[in-house]
Amino acid sequence: IQKELGIEKDDKTAEIERLKGRIEDMDLPEHAQTRIDEEINKLSVLEPQSPEYTVTRNYLEVLTSLPWDTLTRDRLGLAEAAAILDRDHEGLEDVKERILEFLATGITRGEVAGSILLFVGPPGVGKTSIGRSIAAALDRKFYRFSLGGMRDEAEIKGHRRTYIGAMPGKFIQAMRECGSRNPVIMLDEIDKIGASFQGDPASALLEVLDPEQNHDFLDHYIDTRFDLSKVLFVATANSLDTIPGPLLDRMEIVELGGYLAEEKLDIASKHLLPKLLKKAGLKRGQVGIDRAAIRRIIEGYAREAGVRRLEKLLGKIVRKAVMRLVRDGEKKVRVRSD
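This report concerns the structure included in the present document. (Residues numbered from 1 in each chain as written. Predicted model: local features only at pLDDT ≥ 70, side-chain atom pairs only at ≥ 80, totals over all residues. Heavy atoms only, no water.)

As a further point, take the environment of P201. Counting through the fold element by element, P201 comes out in helix 10 (residues 201–208). By relative accessible area, P201 is classed as buried at 0%. Residues P201 and E255, 54 residues apart in the sequence, show an inter-C-alpha distance of 24 Å. (Helix = DSSP H or I, 4+ residues; strand = E, 2+ residues; numbered from the N terminus. Buried < 20%, exposed > 50% of the residue type's maximum accessible area, 1.4 Å probe, protein only.)

A separate point is the pattern of salt bridges. Taken as a whole and assessed by the stated rule, the structure comprises 21 salt bridges. One salt bridge connects E39 with K42, and the closest N-O pair in it is separated by 4.0 Å. Of this pair, E39 and K42 both sit in helix 3 (residues 30–45), 3 residues apart, which is roughly one turn of the helix. Taking the relative accessible area as the measure of exposure, E39 reaches 7% and is therefore buried. K42 gets classed as partly exposed once you look at its relative accessible area, which sits at 30%. The salt bridge involving R291 is made with D266; its shortest N-O contact spans 3.5 Å. In this pair, R291 is assigned in helix 13 (residues 291–300) and D266 in helix 12 (residues 261–279), connecting sequence segments 25 residues apart. (Salt bridge = Lys/Arg side-chain N within 4 Å of Asp/Glu carboxyl O.)

Our next topic: the nonpolar core. Counting 51 residues, the largest nonpolar core has F171, I185, L187, I190, L209 and M251 as the members making the most contacts within it. Core analysis: the next-biggest nonpolar cluster, separate from the first, contains 48 residues, F102, L277, I298 and L314 among them. (Core = buried A, V, L, I, M, F, W, Y, C linked by side-chain atoms within 4.5 Å.)

This next bit is on the sheet that holds strand 1 (residues 116–120). Spatial strand order, 2-3-6-1-7: 5 strands in an open sheet with parallel pairing. The open sheet terminates on both sides in strands that have one partner only, identified here as strand 2 (142–146) and strand 7 (252–255). Strand after strand, the sheet turns through a mean of 20 degrees between neighbouring axes, direction not considered. Alignment of strand 1 against strand 7, held across 4 bridges, turns out to be parallel. Each bridged residue has a counterpart across the sheet, and for L117 the counterpart in strand 7 is E252. (Pairing = 2+ DSSP bridges. Axes fitted to C-alpha atoms, helices over the stretch in contact; angles between N-to-C directions.)

Take a look at the structure:
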């Protein structure tokens, strides 16, 4: 009776009002506004029991939750960016210099966009964490996903929404999750992308990673153009051999070599050891490893370019030290080079 008197709204009306409320204050592009209005009108004439109702409602959920007009403000200060990069990474001076040049160009233009950086180097040299540092330096949202073994191009371009369980592609999902149109998106392991009968994801990436094309990227699910030109794309790879030529052509290559023994020593004492002690629930004074001992590990046991093996070996020492503290009741363990 209350519904018929208009005192209480039915579920469908409440749903439509909620979706309209989401886009009230948004400055939508004309094509997106038209599409959303059409879909809302369609929703209002559909019966809630029909399968089409659920498809349309889910579609509107995605469309109205995209950041069509939301941009985070960049922190355009070279000194601050340099301090953040130095705080997070030892060495890699040429790489830091290249990132700062890139930011400096952004400062003169007033925005950082339109470039795709590719970090190439052996495992464990800090490629992924550099992407995180760039996002922190710019004060932008950060989204990372791995392309390793990805075989289906629908993961990049989205499924057609008529399919059951259809979803937008990874880039539109990233936009939804970050809530801004200019995050830093990290594409990890771009050299390990697969190809199969479901399509070639590497070719699907060509549109996304081309600054000339990605201002009107078309995802199959949302089926309307979305601007990805403000996104800063950062990719990582172990080698360039397996990356298709046309894809490589769109990226700026920044090579990361290995670390020198002195740099590894600083990384171990400033970053790895505190992290491992925290992980083991220890305080700084309980377990100490001499610099000479760390140098001996580096020179005798961890000679690869990155620092992953070094971290594993230090973890081994910390575990043995914890064993002594717990089993033998020692108050403090000191590890010397002998």
